[in-house]
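The chain contents come next:
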Amino acid sequence: MTRAHTSPSPVPGHRATALFVALLATLFATLAGTALPVVLAQPASAVAVDPSTDATVTWGVRPADAEPHAAGRANFAYTAAPGGTIEDAVVISNHGTAPTTLRVYVADAFTTTRGVLDLLRPDQPSTGVGAWTDVAAPEVVVPAGASVTVPFTLRVPDDAEPGDHAGGVVTSLASTRADGVSVDRRLGARLHLRVDGPLAPGAALEGPRAVHHGSLDPTAGGAVDVEVDVVNTGNVRVGGPATVTVAGPFGWGGQVVEVDVPELLPGERTTVAVRVDDVRPLLRLTATVRLVPHVVVDGSRLDPVTASVSTAAVPRAALALVLLVLAAVVTGRWRARRRAAATERRVAEAVAAARAQAEPTPVA
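Residues numbered from 1 in each chain as written. Predicted model: local features only at pLDDT ≥ 70, side-chain atom pairs only at ≥ 80, totals over all residues. Heavy atoms only, no water.

J.: Hey, could you run me through the sheet that holds strand E19 (residues 269-279) in this one?
T.: Neighbouring strands of a sheet are bound in pairs by backbone hydrogen bonds; such pairs are parallel or else antiparallel. Pairing is antiparallel across the open sheet formed by 3 strands, whose spatial order is E15-E16-E19. Here the strands that pair on one side only, and so sit at the sheet edges, are strand E15 (203-213) and E19. Here the average twist between neighbouring strands, direction ignored, is 20 degrees. In this sheet, strand E16 (residues 222-232) lies alongside E15 in antiparallel orientation, the contact comprising 9 bridges. What sits directly across from Ala204, in E16, is Val231. (Pairing = 2+ DSSP bridges. Helix = DSSP H or I, 4+ residues; strand = E, 2+ residues; numbered from the N terminus. Axes fitted to C-alpha atoms, helices over the stretch in contact; angles between N-to-C directions.)

J.: Teacher, can you tell me more about a nonpolar patch on the surface here?
T.: Judged by side-chain polarity, Leu283, Val314, Leu319, Val322, Leu323 and Leu326 come together as a nonpolar surface patch covering roughly 530 Å² of accessible area. A per-element tally of the nonpolar patch places helix H3 (residues 316-358) first, with 4 residues. In this structure, Val314 sits in the loop between strand E22 (305-313) and H3. Val314 sits in the partly exposed class, given a relative accessible area of 31%. (Patch = residues over 30% accessible without salt bridge, like charges linked within 9 Å, V, L, I, M, F, W, Y side chains within 5 Å. Areas by Shrake-Rupley, 256 points an atom, 1.4 Å probe, with all protein chains shown as cover. Salt bridge = Lys/Arg side-chain N within 4 Å of Asp/Glu carboxyl O. Buried < 20%, exposed > 50% of the residue type's maximum accessible area, 1.4 Å probe, protein only.)

J.: Is there a simple way to think about the side chain of Arg237 in this case?
T.: Following the sequence through the fold, Arg237 ends up in the loop between E16 and strand E17 (238-247). Look at Arg237 and you get buried, because its relative accessible area is 9%. Side chain to side chain, Arg237 and His192 meet in a polar contact 3.3 Å long. In contact with Arg237, other than residues within four places in its own chain, are Asp164, Arg190, His192, Asn232, Glu263, Leu264, Leu265, Pro266, His294, Val295, Val296 and Val297. (Polar contact = N/O pair within 3.5 Å; in protein donor to acceptor, adjacent residues only side chain to side chain. Contact = heavy atoms within 4.5 Å.)

J.: Is there a simple way to think about the pairing of strand E20 (residues 283-291) in this case?
T.: Across 6 bridges, E17 lies against E20 in antiparallel orientation. Within E20, the position partnered with Thr243 by the bridge is Arg290.

J.: Please clarify how unusual backbone geometry should be interpreted in this entry.
T.: Backbone geometry follows two general trends: most residues other than glycine have a negative phi, and most peptide bonds adopt the trans configuration. Cis geometry marks the peptide bond from Glu67 to Pro68, where omega comes out at 5 degrees. Relative to the elements of secondary structure, Pro68 occurs in the loop between strand E5 (55-63) and strand E6 (76-80). In this model, Phe250 sits at a positive phi of 60 degrees, which is unusual for a non-glycine residue. Mapping Phe250 onto the fold places it in the loop between E17 and strand E18 (255-264). The class of Phe250 is exposed, set by a relative accessible area of 76%. At Leu283, a residue that is not glycine, the phi angle is positive and equals roughly 70 degrees. Tracing the backbone shows Leu283 in strand E20.

Here it is in structure tokens:
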């Protein structure tokens, strides 16, 4: 079963390119010092109440149209050699009616257990592009209805590993609600860096699992839950379509479900879970997952990878029905034999009685 794919949504007042910019908009909250799950927001804007003004703030972010980078970019994407330096900027727009103060920083990205891209929280230290990037203004005041451009510098270390590195330029507005809950709303834009050097794309499937769920209807098929871990074993981002096939011996009763495996960062993994319905309980079922990975940046396809696992699929409902029928037959035959025996016994008794009456009476 997998997985939601993210796609930007239009936001009034934004440029079309901004639709893609906020792919990493996140809502991060803490309650009484305990971190709550991070929520990924889709729109290219965030809405929050500025604690300093009690005004509702709506803001958005997008890459600046700055040379030598192309105008109208969907996100920040670079190719650089180890030791290289990249200068760029992010545009932060305040769509509210009051000025607001936002924190600006760059954080590393990671793949969540749901298979979507997220960013490290501010209290989690980055070791990749988040650590390599310096923002000119870590905190900015954006006037109402205006935009502010914030430059940043990405310095690729001399010993940076070849391949893809991912992160995001984040804007953050922290506030505290009346009930004491601290909320840190974050809105950002993806940042992808490919470091020059040998590329080794790869993906693997690990630990396939399958469980059969029978049906109470002996004439209907059951369902099979299939799970498998997808691992990015290379140094570039990969994703791709997968098929999950469940079949009995000799391929009997095969059912197929298609699923898209989301983008995975190098070295990370996610679990793909699929339910396959209408599967006949053919005593033994085999689930096979086949993934055709492709490189996200250029779409080139890699060799397919497969993983299989078997599970028992006893037709319990049908078996119970057969046992009931057999029990009824055995019981009927037993009762028939009893009736026959009783009849024979009564006949024998009647014959014996008749013979006794026919015997001549002895004369003294």
